[in-house]
Amino acid sequence: MSENDFFALAPLLLLSGSAVLIMLLIVAKLSHRIIQISSLFLFFISFLSLFYIQKILPYNVGTLLVVDGFGVFIVGLVIFSGLVVNILSYIYFEEKEEGPREYYVLLFLCTLGASVLALSQHFVSLFLGLEILTVGLYALIAYLRGRNHSIEAGIKYLVLAAFSSAFLLFGMALIYLETGTMVFLQMIPESTKSLSPLFYAGLGMMLVGVGFKLAVVPFHMWTADVYQGAPAPVTAFIATASKGGVLAVLFRFFIAIDGFKFSSVMFVLACIAAASMIFGNLLALRQRNLKRILAYSSVAHMGYLLVAFVPGSLMSLQAVCFYLFAYFATTLAAFGVVILMSGKNDDAEDIDEYRALFWRHPGQACMLSFAMLSLAGIPLTAGFTGKFYILATAVQSGYWPLAVILALSSVIGLFYYLRVITAMFAGNSNSVPEVKEKHVFFFRAGMLALSVLAAMIIWLGIYPEDVISFIRLIAF
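Before going into details, it helps to say that this report is about the structure given with it. Numbers given to residues run from 1 along each chain, matching the order in which its sequence is written. Residue-level local features of this predicted model are given only where pLDDT is at least 70; pairs of side-chain atoms are given and counted only at 80 or more, and the full residue set underlies all totals for whole chains, interfaces and linings. Working from all heavy atoms in the structure, the side-chain values ignore hydrogens and water.

## Points about the side chain of S297
Within the fold, S297 resides in helix α12 (residues 290–309). By the convention used here, residues are in contact when the closest approach between their heavy atoms is within 4.5 Å. What S297 contacts, discounting residues up to four positions off in sequence, is L375, Y416 and Y417. Secondary structure elements are taken from DSSP: a helix is a run of H or I of four residues or more, a strand is a run of E of two residues or more, and numbering for both begins at the N terminus.

## Observations concerning the environment of A423
One can find A423 in helix α17 (residues 400–424). Residue A423 is classed as buried on the basis of its relative accessible area, which comes to 4%. Those residues in contact with A423, other than ones at most four positions away along the chain, are I351, Y354, R355 and A356. Accessible area is worked out with a 1.4 Å probe on protein chains only. A residue is then buried under 20% of its type maximum, exposed over 50%, and partly exposed in between.

## So, the packing of aromatic side chains
Classification of ring pairs uses Phe, Tyr and Trp, with its six-membered ring standing for Trp, and accepts pairs whose centres are within 6.5 Å; under 30 degrees between planes counts as stacked, over 60 as edge-to-face, and the remaining range as tilted. Scanning all chains against the criterion turns up 35 aromatic pairs. Measuring from ring centre to ring centre gives 5.8 Å for F47 and F51, while their planes differ by 75 degrees; the resulting arrangement is edge-to-face. Since its relative accessible area comes to 23%, F47 is described here as partly exposed. Exposure remark for F51: the relative accessible area of 53% places this residue in the exposed category. Ring centres of F47 and F80 lie 6.5 Å apart, and the angle between their planes is 50 degrees; on these two criteria the pair is classed as tilted. Placement of F47 in helix α3 (residues 32–49) and of F80 in helix α4 (residues 69–93) is noted, with a sequence separation of 33 residues between them.

## Some words on the pattern of salt bridges
Side chains that carry opposite charge are capable of pairing whenever their charged atoms lie near each other. Here a salt bridge means any side-chain nitrogen of Lys or Arg lying within 4 Å of a carboxyl oxygen belonging to Asp or Glu. Tallied over the entire structure, the rule returns nine salt bridges. One salt bridge connects R252 with D68, and the closest N-O pair in it is separated by 2.8 Å. Placement of the pair is R252 in helix α10 (residues 232–256) and D68 in the loop between β2 (65–67) and α4, with a sequence separation of 184 residues. One salt bridge connects R292 with D225, and the closest N-O pair in it is separated by 2.9 Å. Of the two residues, R292 sits in helix α12 while D225 sits in helix α9 (residues 223–229), which places them 67 residues apart along the sequence. What makes D225 partly exposed here is its relative accessible area of 22%. Among the charged side chains, a salt-bridge network with shared partners connects E152, K156, D225 and R292.

The following block contains the structure:
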């Protein structure tokens, strides 16, 4: 391996090495506190390593991986999500019935899998990254074995992932049979007229597999059950890093094969986007469980991202990158409050548990309010800027029906987002008992992380020019 190969793979090598190091710390029987702090330091080092590979971009690591600006941006978001989840995990797992040490090994491996996905340009690396991510998530989702919902969620995710992998592998096999190559860039057909039914069948099966991973309609079955049953930090990771890696490799694959010129495929994706926006918001309307609300909300937001994806223009890439940034910050902030509110035996899921939260802990209430307003797309938040960017992309490319559906479905979403906010500000201070903070240092570290996320939400809503300019620099 050359020196440039080493530098290009530095983030992946650090993540894999960190998993091994944490295993050695577990063998040494160190405390949960030491392992958590060590994991946090290793995540931070992995994130910093991204800044040292800028001088060699873009760089191909054989035919399997390509390290370019887009890939580094997505890997940065994935590692940042893992870092935030790590900060919030100590206070969540410290009092749980299961030993939390192995959890950090699995978290590193899942982050590694999502990062490999973001850099993949070959079927082998795509499937390798997907399996590293998925196998780790099996264990993370069912980590709290003493809870029936966790075991149920783990089994359901196992079934969904098995279906996804089966469709994906079969689709890859058909495309390989037709093209004779597994490298994305070598699959470019001369024209859409020369494509055989075999290629279309393979592409369709791959989209089904990716649809299960993104949990878009009609592949969203059991998504809410998995979100509800998984530990809250794991749910936050699934909603952000997992989907970000899959969406990144899907974008890279379609750009490499020039798939945006396949009108029939784009029509199917447009229909999936419209259905996800409509049904995701409608299914969330009657939910009283906050984790289930965020699950169906994520279905709708994947639909929004597909609206930006379908045009396939340079602006599409920029809109997807910006919206992923905004979505990651907002979703991590929302789940962060859920994590800090959760108790020893159960997660803080029911909306009634957030009633009068402003009088108990105004900081948490304000941060969750910022997150809900951003998810709803209210002006002066990151969500509004991101949706405006997506609407501009759709309108510029002539996808007016998708733009209209996005606007109308966002109006529907206002109801359940605002219902959470009104619950937090209901009641009065006289009827609220005093709240005692546990694990004060880690609680304050979690609040600091949430404060940074809240600041990012407002910053992206008021002054997004810096991020947009940076995204334009890293575009393909």
